[in-house]
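Results of the structural survey
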Amino acid sequence: MKPFDPRLLRAAPAARRPVAVLAVVGVLQGVATIGLAVALTALVVAVVEGMPLRPPALWLAGLFVARAGLSWVSEKVAAWAGVEVTAQLREALLARWMASPAERRPDPDRAVTLAAQGAASVEPYAARFLPALVAGAVVPALALATLVWVDWISALIVVLTL
């Protein structure tokens, strides 16, 4: 099985937007996490060198708030994505059954089970896995770019040991 199955987005085109938003939010969370590491480092350096603590502490607090906000947005959009995907899959399933001759349709008990549980089983894939897949592909590259910016020799060592 491939990690990304394009058939889902063909079967439920309304899922494209929330899944894309979730992917962007996941990348932004990764950027905020890298920013937190930089801000925390700046705070430690300020403590060690006796510099003012206010600027790095404010950056750190702001990034914590940004991460919290992004987590909230992620949860709301994940719920939206799950509803969109399951609703469209159920609609497509029911339309296909109604277009079939009565003798080819599943019995009512099986139909209810498929429409309820079968379509709902795709929800975690669209709401959690796909956005995490995108973030997992993009955020390590961002972290490596940050490492190149901070210490290119360490970045070279990381690349050579991958």
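For the structure, check the block above.
To continue, consider the overall build of the chain. Looking only at helices and strands, the chain features six helices and zero strands. Listed by position from the N terminus, the elements making up the chain come as α-α-α-α-α-α. In terms of C-alpha radius of gyration, the chain reaches 23 Å, well past the compact-globule figure of 15 Å for 162 residues. By principal-axis analysis of the C-alpha atoms, the chain measures approximately 80 × 35 × 20 Å. Expressed as a percentage of the 162 residues in the chain, the buried residues total 27%. The long-range share in the chain, meaning contacts at least 24 apart out of those at least 6 apart in sequence, stands at 74%. For the chain, the accessible surface area stands at approximately 10,600 Å², while carbon and sulfur atoms represent 70% of it. Charge-centre separation for the chain: the mean point of 14 positive side chains lies 4 Å from the mean point of 10 negative side chains.

This part covers a nonpolar patch on the surface. Together, Val148, Trp152, Ile153, Leu156, Ile157 and Leu160 make up an exposed nonpolar region whose accessible area comes to about 640 Å². Per-element accounting of the nonpolar patch gives the leading share, five residues, to helix α6 (residues 152-161). Within the secondary structure, valine 148 is located in helix α5 (residues 123-150). Relative accessible area serves as the criterion here: at 45%, valine 148 is assigned to the partly exposed category.

The next point concerns the environment of glycine 136. Tracing the backbone shows glycine 136 in helix α5. Judged by its relative accessible area of 45%, glycine 136 falls in the partly exposed class. As for glycine 136 and leucine 156, which are separated by 20 residues in sequence, their C-alpha atoms are 21 Å apart.

Let us now look at the packing of α5 against α6. α6 packs onto α5 with a crossing angle of 140° between their chain directions and a minimal axis gap of 6 Å. The orientation of α5 with respect to α6, classified from their angle, is oblique. Packed against α5, whose contacting residues are Leu144, Leu147, Val148 and Val150, the element α6 presents Trp152, Ser154, Ala155, Val158 and Val159 at the interface.

If you look at the biggest cluster of nonpolar residues, it comprises 11 residues: Leu8, Leu9, Ala12, Ala15, Val19, Val85, Leu89, Ala119, Tyr125, Ala126 and Leu130. Broken down by secondary-structure element, the contributors of at least two residues to this core are α1 (6-11), α3 (54-99) and α5. The element best represented in this core is α5, accounting for three residues. Beyond its immediate stretch of four places on either side in the chain, valine 19 contacts Ala126 and Leu130.

Let us now look at the side chain of serine 74. Looking at the secondary structure, you find serine 74 in helix α3. A relative accessible area of 14% means that serine 74 is categorised as buried.

Looking at where alanine 92 falls in the secondary structure, it is placed in helix α3. With 46 residues separating them along the chain, alanine 92 and valine 138 place their C-alpha atoms 33 Å apart.

Reading the values: the criteria
- Residues numbered from 1 in each chain as written.
- Predicted model: local features only at pLDDT ≥ 70, side-chain atom pairs only at ≥ 80, totals over all residues.
- Heavy atoms only, no water.
- Helix = DSSP H or I, 4+ residues; strand = E, 2+ residues; numbered from the N terminus.
- Rg over C-alpha atoms; globule rule 2.2 N^0.38 Å.
- Buried < 20%, exposed > 50% of the residue type's maximum accessible area, 1.4 Å probe, protein only.
- Contact = heavy atoms within 4.5 Å.
- Areas by Shrake-Rupley, 256 points an atom, 1.4 Å probe, with all protein chains shown as cover.
- Lys, Arg positive; Asp, Glu negative; His and termini not counted.
- Charge placed at Lys NZ, Arg CZ, Asp CG, Glu CD.
- Patch = residues over 30% accessible without salt bridge, like charges linked within 9 Å, V, L, I, M, F, W, Y side chains within 5 Å.
- Salt bridge = Lys/Arg side-chain N within 4 Å of Asp/Glu carboxyl O.
- Axes fitted to C-alpha atoms, helices over the stretch in contact; angles between N-to-C directions.
- Parallel < 35°, antiparallel > 145°, perpendicular 65-115°, else oblique.
- Core = buried A, V, L, I, M, F, W, Y, C linked by side-chain atoms within 4.5 Å.

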